[in-house]
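Here is what each chain is made of, one letter per residue.
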Protein chains: 2
Amino acid sequence: MIRENDVSRNLHEQLSLMIANTESGQRLPSEPKLAAVLGVSRASLREAMRTFETRGLLQRKQGVGTFVIHPSNVFETGLETLSSLETIAEQLGLEVSLGDMEICRQVVDRDLAETLELPEGQDILTVSRVILSHDRPVAFLEDNLPVDVINESEVRTNFTGSVLDMLIRRDDIPLASSKCQISAIGATPEIASALDIQRHDPLLVFSSLLFSTRGRIIDSSFSYFLPGYFHFHIVRRVGGQI
Amino acid sequence: MIRENDVSRNLHEQLSLMIANTESGQRLPSEPKLAAVLGVSRASLREAMRTFETRGLLQRKQGVGTFVIHPSNVFETGLETLSSLETIAEQLGLEVSLGDMEICRQVVDRDLAETLELPEGQDILTVSRVILSHDRPVAFLEDNLPVDVINESEVRTNFTGSVLDMLIRRDDIPLASSKCQISAIGATPEIASALDIQRHDPLLVFSSLLFSTRGRIIDSSFSYFLPGYFHFHIVRRVGGQI
DNA sequence: GTCTGTCAATTGTCTGACAAGTGTTTTCCC
DNA sequence: GGGAAAACACTTGTCAGACAATTGACAGAC
């Protein structure tokens, strides 16, 4: 897991709290004052502020001050960080459960071998399952992992609904980030039956690749979401740089 | 427009180039060396590196070094920053053009008044148009703006296909960020006819709110994309903090 | 009334230093 | 000779203090 030093960690939390409690457009105290209040050096404070500036939550003007920008009142429930559906649901106070699940070891097809950067003929583990909310199917998830990353028996014993959470719990492969491609499709017959909807009903699709810190692709997943049950959003900064 | 100081700007570009030219998993030179090479102080360099760390492109380990993480070879064409379709298309070398367009001044309905935080009964300007790629309709865009932000005649004379680009060109309202909600729907009869597809065909939808730096909502837009013609992606960091 | 120079406040950048963590090499003891 | 401990080199993390660049407000001259 990602670990940080204490100063940086506390500083980040405190600053996050301070930003959350400041109205949009209001000015923060000046850097020297803020550094004194938070008990850190100005350099460390500035580095922490950079992270919020990068996310578009702060704007700094030389000679004037630093201002808070709230894209909305909801604070950071978007797609910027990768969390499992279960974790997101827990944070939002929603109830989700695991529906039908299928675990299947098979030889990769050519497309998947290419995306996973595996030699052809190698085995992968495919985990597909339905996510329920109040007993209604709302999502269909499929993960494809090389067998040397994870073995079948481990999944059968340790799986709680999320491949990501399982990998995080294991802690042996340092995960870095996920590249997620967003699209829409009409439901295929298989998915339509799994989600209890009509064929060709519109679905939101996330095609994701999960990368380790060494750049290896750990997981190729496809997530199909029923529109209306999830509110995914991202904050996009205006302007090219930073 | 967002403006930066020269040091920061050049530093950011050079660092970006250096990261792009470093293989995933490889180590960067140490901070003192890198600062010397780039001709800046270590403090400034560290601030710049923070922005890349925040985006998940760098990982720092105390006592070891700083490592580059490439989610993929494609560098930064995702949804993290807000650009017009025209700008994106230009960067990717695609050809897009403006199809049927409609500009309409009307009284806000209740829903839109709420999202735009306007008093009921006020006028807004609605700009809707079709985007073509090689003469094939690929997207349907609708922008809703308060009339005091933009007036009808200005749109009719200055519009080149993108409301965002027009607002950026004008430079009188400092834009901060956009909150974009992602979903999928089946095409309505109007959109189906505009895009020359069947009713209920799946479409990717972005519902966006554009915020000024003072927190005011400048634009509420709905973008409908034909699947397959656009490859939107985002990079999601694993782990909660930073 | 308008313009201009001054001044205080703020962020941007730099320098140098020390603390803390990591991996390697050397030394010392058995 | 072998293994453990210590020393070392190198890295990032943090700090203190200083000066530059920019901005906005205010007072004074015209």
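Residues numbered from 1 in each chain as written. Chains lettered and ligands numbered in written order. Predicted model: local features only at pLDDT ≥ 70, side-chain atom pairs only at ≥ 80, totals over all residues. Heavy atoms only, no water.

Chemist: Give a detailed account of the sheet that holds strand 10 (residues 232–238) of chain B, specifying residues and quantitative values.
Modeler: If you walk across this open sheet you meet the eight strands as 3(A)-10(B)-7(A)-8(A)-9(A)-6(A)-5(A)-4(A), and the pairing is mixed. The strands lining the two open edges of the sheet, one partner per strand, are strand 3 (81–82) and strand 4 (97–107) of chain A. Pairing of strand 5 (residues 123–133) of chain A with strand 6 (residues 136–146) of chain A, which is carried by ten bridges, proceeds in the antiparallel orientation. Pairing of A:Ser133 across the sheet is with A:Arg136, part of strand 6 of chain A. (Pairing = 2+ DSSP bridges. Helix = DSSP H or I, 4+ residues; strand = E, 2+ residues; numbered from the N terminus.)

Chemist: Can you explain the packing of aromatic side chains? Please cite residues and give values.
Modeler: Residues and elements named next belong to chain A. For the structure on display, the rule yields eight aromatic pairs over all chains. Counting every residue linked through ring pairs, the aromatic cluster contains Phe-206, Phe-225 and Phe-232. Here Lys-61 stacks its cationic end above the ring of Phe-67, 5.4 Å away from the centre of that ring. (Phe/Tyr/Trp six-rings, centres within 6.5 Å; stacked < 30°, edge-to-face > 60°. Lys NZ or Arg CZ within 6 Å of the ring centre and 35° of its normal.)

Chemist: Tell me about the sheet that holds strand 9 (residues 217–225) of chain B, and name the residues and values.
Modeler: An order of 3(B)-10(A)-7(B)-8(B)-9(B)-6(B)-5(B)-4(B) is seen for the eight strands of this open sheet, with the pairing classed as mixed. The open sheet has two free edges, formed respectively by strand 3 (81–82) and strand 4 (97–107) of chain B, since each of these has just one partner strand. Relative to strand 9 of chain B, strand 6 (residues 136–146) of chain B runs antiparallel, the two being bridged by six bridges. By the bridge assignment, B:Leu141 is partnered in strand 9 of chain B with B:Ser223.

Chemist: So what's going on with the pattern of salt bridges? Which residues, and what values?
Modeler: Close approach of charged atoms lets side chains of opposite charge pair. Applying the stated rule across the entire model yields 21 salt bridges over all chains. One salt bridge in this structure joins A:Glu47 and B:Arg50, with 3.1 Å as the shortest N-O distance. Placement of the pair is A:Glu47 in helix 3 (residues 42–54) and B:Arg50 in helix 3 (residues 42–54), with the two residues belonging to separate chains. Side by side, A:Glu47 and B:Arg50 carry an identical accessibility label, which is buried. When the shortest N-O distance is used, the salt bridge between B:Asp148 and B:Arg216 registers 3.1 Å. Of the two residues, B:Asp148 sits in the loop between strand 6 and helix 6 (152–158) while B:Arg216 sits in the loop between strand 8 (202–212) and strand 9, which places them 68 residues apart along the sequence. With relative accessibility at 34%, the residue B:Arg216 sits in the partly exposed group. Through salt bridges that share partners, A:Glu31, A:Arg42, A:Arg46, A:Arg50, A:Glu53, A:Arg60 and B:Glu47 make up one connected network. (Salt bridge = Lys/Arg side-chain N within 4 Å of Asp/Glu carboxyl O. Buried < 20%, exposed > 50% of the residue type's maximum accessible area, 1.4 Å probe, protein only.)

Chemist: Any chance you could break down the packing of helix 3 of chain A against helix 3 of chain B for me, citing the residues and the numbers?
Modeler: Packing of helix 3 of chain A against helix 3 of chain B brings their axes to within 9 Å, and their N-to-C directions diverge by 40 degrees. Here helix 3 of chain B runs oblique to helix 3 of chain A, going by the angle between their axes. Seen from above, helix 3 of chain A lies across helix 3 of chain B with right-handed handedness. Two secondary-structure elements touch here, helix 3 of chain A through A:Arg46, A:Glu47, A:Arg50, A:Thr51 and A:Thr54 and helix 3 of chain B through B:Arg46, B:Glu47, B:Arg50, B:Thr51 and B:Thr54. Residue composition of the contact of helix 3 of chain A with helix 3 of chain B, by class: no nonpolar, four polar and six charged. (Axes fitted to C-alpha atoms, helices over the stretch in contact; angles between N-to-C directions. Parallel < 35°, antiparallel > 145°, perpendicular 65-115°, else oblique. Left-handed = near helix turned anticlockwise from the far one by under 90°. Contact = heavy atoms within 4.5 Å. Nonpolar A, V, L, I, M, F, W, Y, C, P; charged D, E, K, R; others polar.)

Scope: geometric values only; no functional claims are made or implied.
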